[in-house]
Amino acid sequence: MSIAENWARVFVVITFLTFGEAQIIGGIVPNLIAFGLFLGAIGYFALNGKMAEMFGWKNKN
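### Thoughts on the overall build of the chain
And then number 1: Looking only at helices and strands, the chain features two helices and zero strands.
And then number 2: With 61 residues in all, the chain has 7% of them scored as buried.
And then number 3: Surface exposure of the chain reaches about 5600 Å², of which carbon and sulfur atoms provide 73%.

### A few points about the packing of aromatic side chains
Any pair of aromatic rings gets described here by the distance separating the centres and the angle formed by the planes.
And then number 1: Tallied over the full model, the rule gives one aromatic pair.
And then number 2: Between Y44 and F45, the aromatic rings sit 5.2 Å apart at their centres with planes inclined by 75 degrees, giving edge-to-face as the arrangement.

### Here we look at a nonpolar patch on the surface
And then number 1: On the surface, L47, M51, M54, F55 and W57 cluster together to form a nonpolar patch covering roughly 600 Å² of accessible area.
And then number 2: In terms of residue count, the dominant contributor to the nonpolar patch is helix α2 (residues 50-55) (three residues).
And then number 3: Following the sequence through the fold, L47 ends up in helix α1 (residues 3-48).

What counts and how
- Residues numbered from 1 in each chain as written.
- Predicted model: local features only at pLDDT ≥ 70, side-chain atom pairs only at ≥ 80, totals over all residues.
- Heavy atoms only, no water.
- Helix = DSSP H or I, 4+ residues; strand = E, 2+ residues; numbered from the N terminus.
- Buried < 20%, exposed > 50% of the residue type's maximum accessible area, 1.4 Å probe, protein only.
- Areas by Shrake-Rupley, 256 points an atom, 1.4 Å probe, with all protein chains shown as cover.
- Phe/Tyr/Trp six-rings, centres within 6.5 Å; stacked < 30°, edge-to-face > 60°.
- Patch = residues over 30% accessible without salt bridge, like charges linked within 9 Å, V, L, I, M, F, W, Y side chains within 5 Å.
- Salt bridge = Lys/Arg side-chain N within 4 Å of Asp/Glu carboxyl O.

Here it is as structure tokens:
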């Protein structure tokens, strides 16, 4: 194995780690935030809407 091949492997590993980390930050984190907002919206409407009235969590006025 020559020095050029070793440097090529180092370059590939560094590039993969750099773009792999960016993909995790750009892909997983926004999806988790959106999922949390989605669950929050479900909880909000469950506690304040017809479902809350049906289960007696909210008083009927």
